[in-house]
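Fold and geometry: a report
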Amino acid sequence: MLGLGGLIGQLIEDARALARAEAALLKSKVFAILRRSRTAIILLLIAACLSFASVVALMLGLVLALAPLVGAALAGVILLVGGLAMAAFLGWLAIRLLAGPPARPEPETPA
């Protein structure tokens, strides 16, 4: 028969074994999801690369269209500022969406 110390030691060992088993189960679930989604992830990466290339081509086209009006250097600067402004706005919007809606103040109850 185990004493109190032995029981606590066994409890700790069982908790460690349970934590290891849970971690191994979670790891195997994640790898199974990644294995099933490998093609989808690759297609999403290709789509992201094509989207980036399309945006670069659009910016180049806009520089070439503005160059006769304001010069190539100024057209590049205009599009740089515009692109950075849009990126800043989208980043700000993403941060606001991730933060969630602002917390409502609790209504005060009269005492």
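Before going into details, it helps to say that this report is about the structure given with it. (Residues numbered from 1 in each chain as written. Predicted model: local features only at pLDDT ≥ 70, side-chain atom pairs only at ≥ 80, totals over all residues. Heavy atoms only, no water.)

**Observations concerning the pattern of salt bridges**
- Scanning all chains against the criterion turns up one salt bridge.
- E13 is the partner of R16 in a salt bridge, and the nearest nitrogen-oxygen pair spans 3.4 Å. With a gap of three residues between them, R16 and E13 both fall in helix α1 (residues 4–70), about one helical turn apart.
- Its relative accessible area of 47% is what places R16 among the partly exposed residues.
- In this structure E13 comes out as partly exposed when scored by relative accessible area, which is 39%. (Salt bridge = Lys/Arg side-chain N within 4 Å of Asp/Glu carboxyl O. Helix = DSSP H or I, 4+ residues; strand = E, 2+ residues; numbered from the N terminus. Buried < 20%, exposed > 50% of the residue type's maximum accessible area, 1.4 Å probe, protein only.)

**Comments concerning the packing of aromatic side chains**
- One pass over the structure, following the stated rule, counts one aromatic pair.
- Ring centres of F89 and W92 lie 5.9 Å apart, and the angle between their planes is 35°; this geometry places the pair in the tilted category. With F89 and W92 both in helix α2 (residues 72–99) and three residues apart, this pair spans about one turn of that helix.
- Judged by its relative accessible area of 46%, F89 falls in the partly exposed class.
- Note on W92: relative accessible area 44%, which makes it partly exposed. (Phe/Tyr/Trp six-rings, centres within 6.5 Å; stacked < 30°, edge-to-face > 60°.)

**What about the environment of G76?**
- Along the chain, G76 falls in helix α2.
- With 13 residues separating them along the chain, G76 and V63 place their C-alpha atoms 5.8 Å apart.

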